[in-house]
Amino acid sequence: DLIAQGASFRSGLADEKSLRGDIEKALACGKDRLLAVPTPKLGDIPVLLTGADAVPVYEYFSDRMAAGYVYRGFSDFEPGKPVAEYKTGDRITVEALSHLENSDSDVPVDSEGAVIEDKVLIRDGIAENYYGSRQFSQYIGLENSSVVYNFRFSGGTATEAELREGDW
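Cut-offs applied
Residues numbered from 1 in each chain as written. Predicted model: local features only at pLDDT ≥ 70, side-chain atom pairs only at ≥ 80, totals over all residues. Heavy atoms only, no water. Helix = DSSP H or I, 4+ residues; strand = E, 2+ residues; numbered from the N terminus. Rg over C-alpha atoms; globule rule 2.2 N^0.38 Å. Contact = heavy atoms within 4.5 Å. Areas by Shrake-Rupley, 256 points an atom, 1.4 Å probe, with all protein chains shown as cover. Lys, Arg positive; Asp, Glu negative; His and termini not counted. Charge placed at Lys NZ, Arg CZ, Asp CG, Glu CD. Pairing = 2+ DSSP bridges. Buried < 20%, exposed > 50% of the residue type's maximum accessible area, 1.4 Å probe, protein only.

Chemist: Pulling in residues and values, what's your account of the overall build of the protein?
Modeler: In terms of helices and strands, the protein carries 5 helices and 6 strands. From first element to last, N terminus to C terminus, the protein shows the α and β order β-β-α-α-α-β-β-β-α-β-α. Over its C-alpha atoms the protein spans a radius of gyration of 22 Å, topping by over 25% the 15 Å that the globule rule assigns to 168 residues. Overall, the protein is about 55 × 50 × 35 Å in size when its C-alpha atoms are taken along their principal axes. Of the contacts made within the protein by residues no fewer than 6 positions apart, 62% connect residues no fewer than 24 positions apart. Counting only carbon and sulfur atoms, one obtains 52% of the accessible surface of the protein, whose full area is about 12300 Å². If you average the places of the 17 positive and of the 29 negative side-chain charges in the protein, the two averages end up 7 Å apart.

Take a look at the structure:
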């Protein structure tokens, strides 16, 4: 991996081929930046995020139910209150899971020894439960909380094909 630090570079390998490739990537990145222009005003256009591109959108919701986010003031989500202003559309449900098929994070206890239990964090767009480390859970008055490694997000009623065909 190439790491830029000011005008110098650190490369994991010292052989000529790897170093040359790293420098070519850095130069290409610099050229791209020089050729960049402002994005034209596009108005309202539909955007469909799938796969890994959709993950940060989902993480927005799960992160804001974390005790650490609440304690630090990064989250204004409160149990019993909507997590978004829904005028139309489907409402999100977020579940913390102790077991998720094919997950490499299926463990009965978290890194602090707390038992991981299934719980609904957000149900149909309404915040229900926080989760988090013992430290931050105690700071905000949570009992029987744990770190969560597996989440399930649901709430959509349209298939990806229907979304791609839709007139939004």
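Okay, back to it.
Chemist: Let's hear about the pairing of strand S4 (residues 119-123): which residues, and what values?
Modeler: As defined by bridge partners, strand S3 (residues 93-97) adjoins S4 across 3 bridges and the pair is classed as antiparallel. Residue pairing in the sheet places Glu 95 in a bridge with Val 120 of S4. In this structure, S4 lies alongside strand S5 (residues 126-127), joined through 2 bridges in antiparallel fashion. Across the sheet, the residue bridging to Arg 123 is Ile 126, located in S5. Count of turn residues in the S4/S5 antiparallel hairpin: 2 residues, of which Asp 124 carries a positive phi of about 50°.

Chemist: Explain unusual backbone geometry to me, using residue names and the numbers behind them.
Modeler: Phi is positive for Asp 124, which is not a glycine, with a value near 50°. When you line up the elements, Asp 124 lands in the loop between S4 and S5. The phi dihedral of Asn 144 is positive, around 50°, even though this residue is not glycine. Considering the arrangement of structural elements, one finds Asn 144 in the loop between helix H4 (134-139) and strand S6 (150-154). You can call Asn 144 exposed: its relative accessible area is 67%.

Everything listed here is a matter of geometry and, on its own, says nothing about what the molecule does.
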